[in-house]
Amino acid sequence: MSETPLNKPNSDYIKTDESMLPSDNLKSQQIEDAHQKAPSNNGSKNNLPSNTAQNVNTPQKPLPVQLPAQQSMQQPIQQNEPSTFNPLKPPVVIFRNVTKIFNPGTAQEYCAIKNISFEIEDIPDVGEFIALVGPSGCGKSTVLNLIQGFQEIGPPTTGEVLVRNKPVTGPGKDRGMIFQKYSSFPHMTVFENVVFGLKINNDTNRFSPSQMREMAMNIIKKVGLDGHQNKYPCQLSGGQQQRVAIARTLVLKPRIILMDEPFSALDEPTRIEMQELITNLWQEVEATVFIVTHSLAEAVYLGDRIFIFTPGPGRLKKIIPIKPDDIGKQRGLSPLDVQECPKFKAFLKETTAEFLKDDRIN
Ligand SMILES: Nc1ncnc2c1ncn2[C@@H]1O[C@H](COP(=O)(O)OP(=O)(O)O)[C@@H](O)[C@H]1O
Ligand SMILES: [Mg+2]
């Protein structure tokens, strides 16, 4: 039941023509090419994690020379070198030796993350899905919050967080965050929640009211909530409430989507449904996605790269690149089908071993 009239087809945001979507393999190739061209992220994605995981111990000094495209996992990932990939399109996100100390100079001083460096290239027409995993308290949320630019977190204590080569000084329309807790306004319907962000960001009157209604309904349909647009959040299941949160974020067309344990509160079948939804939506959105998850299976299923963090203080310990073929991911297969196949299980086992390996960084 659509109570909001829709006279036109979809907005320009979500491409509905299947032929326009990058296939998984094409996407994977583009990501691989980008990493090979970009010295700071290089690493083969052809092998299982034991052969591909990259040590990311931050070197004390920047490495002086470009690394070869196919880098051994034993070599530290190169830090601090400017990208050579596409000078016209700066990297989406750069962390350069980022340390965050909370409450410095007080009895509560705490170093949440130390010396974290990574770079996310802008791969033409393809976003990348970065899955952040690590024990509780190792700084995963802090990393996301620094990218988002939350005022209460403030800037890094030392180092730089750059989004498209500009230091993050606060939240921006180019970034959207989805939390574990359902974050919709309880006194607004689904439709009102989704259209709200559009209205407050429509300062230049770029969109007419009917265009905004159309964009909101298009996204509501995309996340599978058609017919629920006039319900209030309390009238929805947990999975549906997270769909509203996803719709509220996507309607603003952010180029970077930050998801902090978005599915942790959901039961397993709903979680699997959400993985499918996210995979399908993300292929169309072509944004860069950072997702924090406690589930290694979820990280392996969703991620193009897994960032493994280690605590005390939080450090980036390993980066594991994943190609769809490594885990038997193919179009038409459900997340459950993929996660039950031997290739996926073998990859998950290797990733779990990397996760548990005690190679603490001093
Ligand atoms: N605003 C803050 N003030 C003080 N300490 C904080 C703040 N935010 C996070 N921390 C601390 O920093 C560490 C990392 O937190 P967080 O990034 O939330 O870890 P994770 O998301 O990996 O569980 C934790 O020990 C946490 O208590
Ligand atoms: Mg957290």
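Scoring rules and cut-offs
Residues numbered from 1 in each chain as written. Chains lettered and ligands numbered in written order. Predicted model: local features only at pLDDT ≥ 70, side-chain atom pairs only at ≥ 80, totals over all residues. Helix = DSSP H or I, 4+ residues; strand = E, 2+ residues; numbered from the N terminus. Buried ≥ 20, exposed ≤ 12 C-beta atoms within 10 Å, placed from the backbone. Contact = placed C-beta atoms within 7 Å. Near = placed C-beta within 6 Å. Nonpolar A, V, L, I, M, F, W, Y, C, P; charged D, E, K, R; others polar. Axes fitted to C-alpha atoms, helices over the stretch in contact; angles between N-to-C directions. Parallel < 35°, antiparallel > 145°, perpendicular 65-115°, else oblique. Left-handed = near helix turned anticlockwise from the far one by under 90°. Expected span 1.5 Å × (residues − 1). Pairing = 2+ DSSP bridges. Core = buried A, V, L, I, M, F, W, Y, C linked by C-beta atoms within 7 Å. pLDDT = per-residue confidence, 0-100.

On to the overall build of the protein, then. A count of helices and strands for the protein gives 10 helices and 11 strands. Scored against the burial criterion, the 362 residues of the protein give a buried share of 45%. Put simply, of all contacts in the protein between residues at least 6 apart along the chain, 70% involve residues at least 24 apart.

Moving on, we come to the site of ligand 1. Taken together, 13 residues lie near ligand 1, and Phe102, Ala112, Lys140, Ser141 and Thr142 sit nearest. The set of elements that each furnish at least two residues to the shell around ligand 1 consists of strand E3 (110-120) and helix H3 (140-148). No other element matches H3, which puts 3 residues into the shell around ligand 1. Considered class by class, the residues forming the shell around ligand 1 number 4 nonpolar, 8 polar and 1 charged.

Turning next to the packing of helix H4 (residues 190-200) against helix H6 (residues 238-250). The N-to-C vectors of H4 and H6 enclose an angle of 25 degrees; their axes lie 8 Å apart at closest approach. Our classification of the angle between H4 and H6 gives roughly parallel. When you trace H4 past H6, the crossing you get is right-handed. Of the residues in H6, those touching H4 at Val190, Asn193, Val194 and Gly197 are Val244, Ala247 and Arg248. Looking at the contact of H4 with H6 residue by residue, the class counts come to 4 nonpolar, 2 polar and 1 charged.

For glycine 134, the position within the fold is in the loop between strand E4 (129-133) and H3. Once residues lying within four places of it in the same chain are set aside, the contact partners of glycine 134 are Lys140, Ile308, Phe309, Thr310 and Pro311.

A word on the packing of H4 against helix H5 (residues 209-222). Remark: H4 packs on H5, axes separated minimally by 9 Å, with the N-to-C direction vectors making an angle of 125 degrees. Accordingly, the angle class assigned to the pair H4 and H5 is oblique. Note that H4 runs across H5; the crossing there is right-handed. Only Met212, Arg213, Met215, Ala216, Ile219 and Ile220 of H5 make contact with H4, whose side of the interface consists of Val190, Phe191, Val194, Val195, Leu198 and Lys199. Within the contact of H4 with H5, the residues separate by chemical class into 10 nonpolar, no polar and 2 charged.

We now examine H6. The α-helix winds at 3.6 residues per turn, so residues separated by three or four positions along the chain end up facing the same way. With 13 residues, H6 extends 18 Å from end C-alpha to end C-alpha; this agrees with the ideal 18 Å at 1.5 Å per step. Among the 13 residues of H6, 10 are classified as buried, and the element is accordingly described as predominantly covered. Of the residues making up H6, those classed as buried are Gln241, Gln242, Arg243, Val244, Ala245, Ile246, Ala247, Arg248, Thr249 and Leu250. Looking at the packing, one finds that the buried side of H6 touches strand E7 (175-178), H4, H5, strand E8 (256-260) and helix H7 (268-285).

The next subject is H5. Spanning 14 residues, H5 covers 20 Å between terminal C-alpha atoms, matching the ideal 20 Å at 1.5 Å per step. Those residues of H5 that sit buried are Met212, Glu214, Met215, Ala216, Met217, Asn218, Ile219, Ile220 and Lys222. Buried-residue contacts for H5 involve H4, H6 and H7. Just past H5, the residue glycine 224 takes up positive phi, approximately 80 degrees.

The next point concerns the sheet that holds strand E5 (residues 158-163). The antiparallel open sheet is built from 4 strands, whose spatial order is E3-E2-E5-E6. In the strand order of this sheet, the two ends are held by E3 and strand E6 (166-167), each with one partner. Bridge count for strand E2 (residues 93-102) against E3 is 7 bridges, and the pairing is antiparallel. Each residue of the ladder has a partner; that of phenylalanine 95, found in E3, is phenylalanine 118.

Another aspect to go through is the nonpolar core. Core analysis: the largest hydrophobic core is formed by 77 residues, its most contacted members being Leu132, Ile147, Ala216, Ile220, Ala247 and Val300. Each residue touching alanine 216, except ones within four places of it in the same chain, is listed here: Phe191, Val194, Val195, Leu198 and Val251.

A few words now on unusual backbone geometry. Looking along the chain, the bond that leaves glycine 312 and enters proline 313 is cis, with omega of -10 degrees. A positive phi is found at lysine 253, a non-glycine position, where the angle reads about 55 degrees. Classification of lysine 253 as partly exposed rests on a count of 19 C-beta atoms within 10 Å. The backbone of glutamate 261 shows a phi angle near 45 degrees, a positive value even though the residue is not glycine.

Within E4, 5 of the 5 residues are buried, which leaves it mostly tucked inside the rest of the structure. Across the two faces of E4 the burial is the same, with Phe129, Ala131 and Val133 and Ile130 and Leu132 all buried. Relative to strand E9 (residues 288-292), E4 runs parallel, the two sharing 4 bridges. The partner of leucine 132 across the bridge, within E9, is valine 292. In terms of strand pairing, E4 meets strand E10 (residues 305-310) through 4 bridges, oriented parallel. The residue bridging leucine 132 from the neighbouring strand is phenylalanine 307, located in E10.

Another point: the confidence of the model for the protein. With 75% of its residues at a pLDDT of 70 or more, the protein shows a mean pLDDT of 79. Counted against residues more than four places away or in other chains, residues 1-23, with its pLDDT under 50, gives 31 contacts. Low pLDDT, under 50, characterises residues 57-84; the predicted model gives this stretch 54 contacts beyond four residues in sequence or across chains.

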